[in-house]
Protein chains: 2
Amino acid sequence: MANDLLVQKVKTWIYEAGKLVQELEKNQLQVTTKSSRNDVVTNVDKEVQRFLVAKIESEFPEDKILAEEDEKSSLVDMSGRVWLIDPIDGTLNFVFQRENFAIMIGVYEDGIGKLGFIYDVMRGEMYWGGADLGVFCNEEKLEPPKNSGAKDGLWGINIGMYVQNVGNIQTIGENAMGVRMIGSAGLEFISLLKGNTIGYISNLYPWDYAPGVVLIKEFGFKASDLDGLTLAFNGQQHFIAATAQAYNEIMEIC
Amino acid sequence: MANDLLVQKVKTWIYEAGKLVQELEKNQLQVTTKSSRNDVVTNVDKEVQRFLVAKIESEFPEDKILAEEDEKSSLVDMSGRVWLIDPIDGTLNFVFQRENFAIMIGVYEDGIGKLGFIYDVMRGEMYWGGADLGVFCNEEKLEPPKNSGAKDGLWGINIGMYVQNVGNIQTIGENAMGVRMIGSAGLEFISLLKGNTIGYISNLYPWDYAPGVVLIKEFGFKASDLDGLTLAFNGQQHFIAATAQAYNEIMEIC
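Residues numbered from 1 in each chain as written. Chains lettered and ligands numbered in written order. Predicted model: local features only at pLDDT ≥ 70, side-chain atom pairs only at ≥ 80, totals over all residues.

**Observations concerning the sheet that holds strand β14 (residues 237–242) of chain B**
Residue and element names in this part refer to chain B.
Stage number 1. Strand order across the open sheet formed by 5 strands is β11-β10-β12-β14-β13, with mixed pairing between neighbours. Each of the sheet's edge strands pairs with one partner strand only, and the pair in question is β11 (178–180) and β13 (222–225). Averaged over all pairs of adjacent strands, the angle between strand axes in this sheet comes to 20°, irrespective of strand direction.
Stage number 2. Set on the sheet, helix α6 (residues 185–194) makes contact with β10 (154–157), β12 (199–204) and β14; between it and β12 the angle comes to about 160°. (Pairing = 2+ DSSP bridges. Helix = DSSP H or I, 4+ residues; strand = E, 2+ residues; numbered from the N terminus. Axes fitted to C-alpha atoms, helices over the stretch in contact; angles between N-to-C directions. Contact = placed C-beta atoms within 7 Å.)

**Topic: helix α2 (residues 43–59) of chain A**
Residues and elements named next belong to chain A.
Stage number 1. End to end, α2 covers 24 Å across 17 residues, agreeing with the expected 24 Å (1.5 Å per residue, within 8%).
Stage number 2. Residues Val-44, Asp-45, Val-48, Gln-49, Leu-52 and Ile-56 constitute the buried set of α2. What you see down the axis of α2 is that its buried residues fit within an arc of 125°, all on one side. In α2, the exposed residues that point more than 90 degrees away from the buried face are Ala-54 and Ser-58.
Stage number 3. Where α2 is buried, its residues contact α1 (3–24), β2 (40–42), β3 (64–67), β4 (81–89), α3 (91–97) and β5 (102–109). (Expected span 1.5 Å × (residues − 1). Buried ≥ 20, exposed ≤ 12 C-beta atoms within 10 Å, placed from the backbone. Arc of directions from axis to C-beta.)

**Points about the packing of α1(A) against α2(A)**
All names here are of chain A.
Stage number 1. Taken N-terminus to C-terminus, the directions of α1 and α2 make an angle of 155°; their axes are 10 Å apart at the nearest point. Classified by the angle between their axes, α1 and α2 sit roughly antiparallel to one another. The chirality of how α1 crosses α2 is right-handed. The residues of α2 that touch α1, namely those facing Trp-13, Ala-17, Leu-20, Val-21 and Leu-24, are Asn-43, Val-44, Glu-47, Val-48, Phe-51, Leu-52 and Lys-55. (Parallel < 35°, antiparallel > 145°, perpendicular 65-115°, else oblique. Left-handed = near helix turned anticlockwise from the far one by under 90°.)

**Focus: the pairing of β10(B)**
All names here are of chain B.
Stage number 1. In β10, alternate side chains face the same way, and those of Leu-154 and Gly-156 on one face and Trp-155 and Ile-157 on the other are all buried.
Stage number 2. The pairing of β10 with β11 spans 3 bridges and is classified as parallel. Looking across to β11, one finds that Gly-156 is bridged to Arg-180.
Stage number 3. Sheet topology note: the β10/β12 ladder contains 3 bridges and is parallel. When the sheet's bridge partners are listed, Trp-155 is paired in β12 with Gly-199.

**Examining the relation of the copies chain B and chain A**
Stage number 1. Between the two copies, chain B and chain A, the superposition gives an RMSD of 0.0 Å; the rotation angle is 180° and the shift along the axis is 0.0 Å. The two molecules are tied by a two-fold rotation axis, judged by turn and shift. Residue Met181(B), judged by its C-alpha, is the member of chain B lying nearest the rotation axis, at 2.4 Å.
Stage number 2. By residue overlap, the copies meet face to face through one surface: 100% of the interface positions of chain B are interface positions in chain A. (Least-squares fit on C-alpha atoms with pLDDT ≥ 70 in both.)

**Quick look at the confidence of the model for chain A**
Stage number 1. For chain A, per-residue confidence averages 95 on the pLDDT scale, and residues scoring 70 or more make up 99% of the total.
Stage number 2. For this predicted complex, the interface score ipTM comes out at 0.94, while the overall pTM is 0.96. (pLDDT = per-residue confidence, 0-100.)

**Side note on the nonpolar core**
Stage number 1. Of all hydrophobic cores here, the largest spans 154 residues; its most connected members are Phe117(A) and Phe117(B).
Stage number 2. Look past the residues within four positions of Phe117(A) in its chain and what remains in contact with it is Val10(A), Lys11(A), Ile14(A), Met104(A), Ile105(A), Met126(A), Trp128(A) and Pro211(A). (Core = buried A, V, L, I, M, F, W, Y, C linked by C-beta atoms within 7 Å.)

**Comments concerning the interface of chain B and chain A**
Stage number 1. Listed per partner, the contact involves 18 residues of chain B and 18 residues of chain A.
Stage number 2. Looking at the side of chain B that touches chain A, the elements that each hand over two or more residues are α3 (91–97), α4 (159–164) and β11 of chain B.
Stage number 3. Looking at the side of chain B that touches chain A residue by residue, the class counts come to 10 nonpolar, 7 polar and 1 charged. (Nonpolar A, V, L, I, M, F, W, Y, C, P; charged D, E, K, R; others polar.)

**Section: α6(B)**
Three or four residues apart is the spacing at which side chains of an α-helix point the same way, because the helix has 3.6 residues per turn.
Residue and element names in this part refer to chain B.
Stage number 1. Taking burial as the measure, the 10 residues of α6 include 9 buried ones, the bulk of the element.
Stage number 2. Of all the residues in α6, the buried ones are Ala-185, Gly-186, Leu-187, Glu-188, Phe-189, Ile-190, Ser-191, Leu-192 and Leu-193.
Stage number 3. Gly-195 sits one or two positions beyond α6 and adopts a positive phi of about 80°.

**Details of unusual backbone geometry**
Stage number 1. A positive phi angle, close to 50°, is found at Asn138(A), a residue other than glycine.
Stage number 2. Classification of Asn138(A) as exposed rests on a count of 10 C-beta atoms within 10 Å.
Stage number 3. Of note, the phi angle at Asp132(B) is positive, near 70°, even though the residue is not glycine.
Stage number 4. Summarising the element assignment, Asp132(B) is placed in the loop between β7 (125–130) and β8 (134–137).
Stage number 5. When the 8 C-beta atoms within 10 Å are taken as the criterion, Asp132(B) is described as exposed.

**Describing the environment of Val21(A)**
Residue and element names in this part refer to chain A.
Stage number 1. Tracing the backbone shows Val-21 in helix α1.
Stage number 2. The exposure class of Val-21 is buried, given the 24 C-beta atoms found within 10 Å.
Stage number 3. Sequence separation between Val-21 and Glu-47 is 26 residues, and the spatial gap between their C-alpha atoms is 8.7 Å.
Stage number 4. When sequence neighbours within four positions are dropped, the list of residues in contact with Val-21 reads Val-44, Val-48 and Val-121.

**Description of the sheet that holds strand β12 (residues 199–204) of chain A**
In a beta sheet, neighbouring strands are held together by backbone hydrogen bonds and run either parallel or antiparallel to one another.
All names here are of chain A.
Stage number 1. Spatial ordering of the open sheet is given by β11-β10-β12-β14-β13, a layout of 5 strands whose pairing is mixed. Two strands in the sheet have a free side with no partner beyond their single neighbour: β11 (178–180) and β13 (222–225). Neighbour to neighbour, the strand axes of the sheet diverge by 20° on average, direction disregarded.
Stage number 2. Of the pairings in the sheet, the one linking β13 to strand β14 (residues 237–242) comprises 4 bridges and is antiparallel in character. Paired with Ser-224 across the strands is Ile-240, a residue of β14.

In structure tokens form, the structure reads like this:
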């Protein structure tokens, strides 16, 4: 299937998933905890994942899927075409704010990012793009932000990691112009794409970072684990992404 | 002047100030630092303040004004009618993001909050209201959010205070469902009004909290300095606001 046809198909699925979210959230959410009190999943996360998985499995039965909820959340390797799905990224925001969350899909081939989609449902903004396509917000092609240094702007940083000063990241925050925390990886990637922040550090699973990494790499950002190692697409990792300039500076101090 | 006429007048001024911001920000900003590298002011902050101060002084020459920039930033007492102005609340966001900032005005009489206005310029959302008026977003009257306990939702907390664990606030964050940080007091107050967060802790000046406090008190929130003392409207203070339930719980542990 030609790339642009695939893009259209995925966008259609995600818009439908967004409508599903908005229908379902009118009713009382069923919220259950996973690993801890703050790690929650709702019936909406599960239904959206089921919806997207069914679309992919029906259309591309040979492809592999790695997704946040239930039995889809582990995958042995990234060979072939792999779909990485976060049905509701920022579930706590979804539960308590009913905004500031995203539906996300990344498409990888043999471990190489091909397409990324981050849909900020409540603002009606779909950020999408991929290798050789560029990056778009809805139908508008975006320009890459300035390649700023680590001190020359705001950072998005996970508060738990920041308080524990993992990898000396308090130095990054103190030297920067400020630290922000949205509570959704998808919205943090959007913030990077818009130039609102110059770097992002958090503790992420592959479905949290796979879609965004495709997009920010198109804009020249660098991303890795916090020690500079290649992302593993396997389990949770301390993740960093930043403008090339900021990333290179940070790797010297972390 | 009747209260509703005063409200209409102030809203008109703030909408005009919002247009001024959007005109001025098309040009290169002139950014200068104040107390530190991260404490900045732009030509837009100054021009918006001049615009609003001129309106108030022309219309109400007897009134007092306490405003963020320059010679208006200190005031001996809160007797009589006092206007508290933050021309651009969230200046770092304004500089780096060109969104997530607010124009704010509070109107106090003999130290009692009468009217509050928080205008999220880029989203076109004016939150306003006051004693006996209720709280509105644009023309829509809002309902107060649930009176949640301190553990039952998200908090907005200043990261510097959080890292230093001022007043044992890490306990609040760890017991809550999560911590967020927007970088604008005005947007944090909007977050409280919408029920997106149940509490907010930061290090604020009177112009940062005066407009928001009028609005959240209409919805039953409590606000004080972090030790539970009455807000001084004089210099910077460790500020806390929360639902009545959460506030009462917190005052027992801080």
